[in-house]
Amino acid sequence: MAAAGWAPPRLPGFILTERLGTGTYATVYKAYRKTDTREVVAIKCVSKRSLNRASVENLLTEIEILKTIRHPHIVELKDFQWDSDHIYLIMEFCAGGDLSRFIRMRRILPEKVARIFLQQLACALKFLHDHNISHLDLKPQNILLSTPENPQLKLADFGFAQYMSPWDEKHVLRGSPLYMAPEMVCCQQYDARVDLWSVGVILYEALFGRPPFASRSFAELEEKIRSDRAIETDLVVEAVKKDQEGDASAALSLYCKALEYFVPALYYESDARRKEAIRAKVGQYISRAEELKALVTSSSKSLLQQGNPARELLREMAKDKPRLCAALDVASAAIAKEEEGKDDNDTLKLYQHSLGELLLLLAAEPAGRRRELLHAEIQALMARAEYLKDQMKMREAQSMGKEALAEPVRSTCTLQ
Ligand code: ADP
Ligand code: MG
């Protein structure tokens, strides 16, 4: 029976269940082996109808490569099968999904995590290159995570991979433009080193939440790669704009994001003149951020105090609802703790805990005055929690910036 609509195809010996992802040619399903162990696997199903001669070759290379290699950071191909409609690659199941989704869900990854991922990626790549294999389609969608907690990276989708010794040159355009080395995009002539470019782009995306040359067309991409304009200046331009528009809190958070970029740059820049220029910028952003912080703090204090009468009324109306009372108590504890200015992490946890409860209660609350008040209270608490989070991030960025500025001048002139 052919697969109809979204129903997975049938494969004897397996029960195919949810769809894990779709790529250029394939749909990947989670599946169970019909044995006592019920082993979980991922099955990549390629419809034969969608294949032309080139993609058949790609698929055969993928099978050939994956069958011959074994590495802790490369997805394992357990078996492959086919029937009249499909070709099936039976692979190790990666419960953590792909790196693209992982980054998107967290917006950006902490440096500590990015560093571990980079090591694992480098390890897989070294192994591949030692076997004269180039992946040629490295991007977050093709990197899988073994588990959601403490994940191990697993390189996947060898659909474009090639046996290629380091001195081989190829002329075919492969991979995805945003992650492609410029020699691939512009000259369509490249060698095994193009994988390293993609790794750099992936690392940038992990740290900043978007690829460095995000573009809507080939022309824009080529222009961005060729230009020597610093990628991150967008943040500062945006911060200055918000500042001029009088949106102090947006400007503040953008300046802090910019600092997160410039401070490491200050450490790594080896050219003395450029280092001095960055140092001046960091100083300038810190002092503007401090002015903005004072502004935002005073206006938010008066705003937060305004909320009180409504809060008292809500408490009155919550008297016959013990669960609501308890959640409001946690919220009050969070506010009190915040005003004391003690442990921010604890305060944030209290906010999150009370908000979780209040949102559940809101869902069950019938229309009326109490619902309106509850809704307003939730919004006020969310704003406070967001504000606290921004403050925590900002303090971190600023102290990093100050530390960097306090660094002895000696290192400014290490080279040249
Ligand atoms: P394509 O060649 O069509 O791009 P991929 O091999 O990249 O196919 O798989 C498409 C998507 O399916 C991936 O981006 C990922 O989200 C999901 N996926 C693929 N293999 C697995 C696996 N072994 N475990 C979990 N999810 C997977
Ligand atoms: Mg893919």
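The structure under discussion appears in the preceding block.
What counts, and where the lines are drawn
- Every chain is numbered independently, its residues counted from 1 as its sequence is written.
- Chains carry letters and ligands carry numbers; both start at the beginning, A for chains and 1 for ligands, and go up in the order they are written.
- For this predicted model, a pLDDT threshold of at least 70 governs which residues receive local features, and a threshold of 80 or more governs which side-chain atom pairs are given and counted, while totals over whole chains, interfaces and linings are taken from all residues.
- Only hydrogens and water are set aside when side-chain values are computed; all heavy atoms of the structure are taken into account.
- Atoms are scored as donors when they are N, O or S and lie within 2.8 Å of the metal, with 3.2 Å used for Na, K and Ca; no water is included, so coordination may look incomplete.
- Secondary structure elements are defined from DSSP: runs of H or I of at least 4 residues count as helices, runs of E of at least 2 residues count as strands, and each element is numbered from the N terminus.
- Each residue's exposure class comes from its accessible area (1.4 Å probe, protein chains only) as a fraction of the maximum for that residue type: buried when under 20%, exposed when over 50%, partly exposed otherwise.
- Remark: nonpolar core denotes a set of buried residues (Ala, Val, Leu, Ile, Met, Phe, Trp, Tyr, Cys) joined through side-chain atoms within 4.5 Å.
- In this analysis, two residues are considered to be in contact whenever any of their non-hydrogen atoms come within 4.5 Å of each other.
- A 1.4 Å probe that fits into a set of points on a 1 Å grid over the protein atoms alone but cannot get out defines a cavity; an open set with protein on both sides within 12 Å along at least five of seven lines defines a pocket, and lining residues are those with an atom within 4 Å of a point.
- Grid points are joined across faces, edges and corners, and a volume is the space filled by probe spheres set on the points.
- Think of it this way: one heavy atom of a residue within 4 Å of a molecule or strand is enough to make that residue near it.
- Whenever a nitrogen or oxygen atom comes within 3.5 Å of another N or O atom, the pair is scored as a polar contact, on the condition that within protein one atom can donate a hydrogen and the other can accept it, and that pairs from neighbouring residues in sequence are kept only if both atoms are in side chains.
- Criterion for pocket placement: a molecule counts as inside a cavity or pocket if more than half of its atoms are within 2 Å of its grid points.
- Polar here means any residue other than Ala, Val, Leu, Ile, Met, Phe, Trp, Tyr, Cys and Pro, which are nonpolar, and Asp, Glu, Lys and Arg, which are charged; Gly is therefore polar.
- Strands are labelled as partners when DSSP assigns at least two bridges between them.
- Axes here refer to lines fitted to C-alpha atoms; in helices the fit is confined to the stretch in contact. Angles between the N-to-C directions go from 0 to 180 degrees.

Visitor: What is the right way to look at the coordination of the magnesium ion (ligand 2) in this model?
Guide: As a benchmark, a tetrahedral metal site with four donors has ideal angles of 109.5 degrees, while an octahedral site with six donors has ideal angles of 90 or 180 degrees. Taken together, the protein donors to the magnesium ion (ligand 2) comprise Asn-142 (OD1) and Asp-157 (OD), at separations of 2.1 to 2.2 Å. In this pair, Asn-142 sits in the loop between strand S6 (133-134) and strand S7 (143-145) while Asp-157 sits in the loop between strand S8 (153-155) and strand S9 (162-163), placing the two residues 15 residues apart along the sequence. For Asn-142, a relative accessible area of 7% gives the class buried. Overall, the relative accessible area of 21% leaves Asp-157 in the partly exposed class.

Visitor: Honestly, the nonpolar core in this entry has me stumped. Any pointers?
Guide: Within soluble globular proteins, side chains that are nonpolar tend to cluster in buried spots. Membership of the largest hydrophobic core comes to 42 residues, with the highest contact counts inside it found for Ile-69, Ile-74, Leu-99, Leu-128, Leu-155 and Phe-158. Among residues more than four places away in sequence, those in contact with Ile-69 are Ile-74, Phe-127, Leu-128, Ile-133 and Phe-158. Ranked by size, the runner-up nonpolar core spans 26 residues in total, among them Ile-278, Val-282, Tyr-285 and Ala-397.

Visitor: Can you walk me through empty space enclosed by the protein in this structure?
Guide: Over the atoms rolls a probe the size of a water molecule, and in doing so it shows where empty space is left. Counting across every chain of the model gives 2 cavities of 30 Å³ or more. Taken as a whole, the largest cavity spans an internal volume of roughly 90 Å³. Contributing to the lining of the largest cavity are Leu-99, Leu-109, Ala-114, Phe-117, Leu-118, Leu-121, Leu-153, Val-199, Ile-202, Leu-203 and Ala-206. Listing elements by their share of the lining of the largest cavity, those giving two or more residues are helix H3 (111-130) and helix H5 (194-208).

Visitor: Hey, could you run me through unusual backbone geometry in this one?
Guide: Phi is positive for Leu-136, close to 70°, though the residue is something other than glycine. Assignment of secondary structure puts Leu-136 in the loop between S6 and S7.

Visitor: It is not clear to me how the site of ligand 1 should be interpreted in this structure. Could you clarify?
Guide: The environment of ligand 1 is made up of 19 residues, and the closest members are Lys-44, Glu-92, Asp-98, Gln-141 and Asp-157. Lys-44 is positioned such that a nitrogen or oxygen atom in its side chain is 2.8 Å from an oxygen atom of ligand 1. Asn-142 is positioned such that a nitrogen or oxygen atom in its side chain is 3.0 Å from an oxygen atom of ligand 1. Of all the cavities here, the one that holds ligand 1 is the second largest pocket. Considering only residue class, the shell around ligand 1 consists of 9 nonpolar, 5 polar and 5 charged.

Visitor: How should I be thinking about the side chain of Ser-146 in this particular structure?
Guide: Within the fold, Ser-146 resides in the loop between S7 and S8. Accessibility expressed as a relative area gives 16% for Ser-146, which makes it buried. At 2.8 Å, the side chain of Ser-146 and the backbone nitrogen of Gln-152 are in polar contact.

Visitor: Hey, could you run me through the sheet that holds strand S5 (residues 86-92) in this one?
Guide: Adjacent strands of a sheet form backbone hydrogen bonds with each other and so pair up, either parallel or antiparallel. Read from one edge to the other, the open sheet built from 5 strands follows the order S1-S2-S3-S5-S4, with strand pairing classed as antiparallel. Bordering the open sheet on either side are strand S1 (14-22) and strand S4 (77-82), each of which pairs with just one other strand. Taking each pair of neighbouring strands and ignoring which way they run, the sheet shows an average axis angle of 25°.

Visitor: Looking at this structure, how should I read the layout of surface pockets?
Guide: What the largest pocket holds in volume is close to 1,300 Å³. Among the secondary structure elements, those contributing two or more residues to the lining of the largest pocket are H3, H5, helix H7 (233-245), helix H8 (248-268) and helix H13 (369-406). Of the residues that constitute the lining of the largest pocket, the class distribution is 21 nonpolar, no polar and 13 charged. Of the volumes computed, that of the second largest pocket is approximately 690 Å³. Lining of the second largest pocket is provided by 34 residues; of these, Val-28, Gln-141, Asn-142, Leu-144 and Asp-157 occupy positions nearest its centre. Counting residues per element, the lining of the second largest pocket draws most heavily on helix H1 (residues 53-68), which supplies 4 residues. Counted by class, the lining of the second largest pocket contains 16 nonpolar, 10 polar and 8 charged residues.

So yeah, pure geometry; function would need other evidence.
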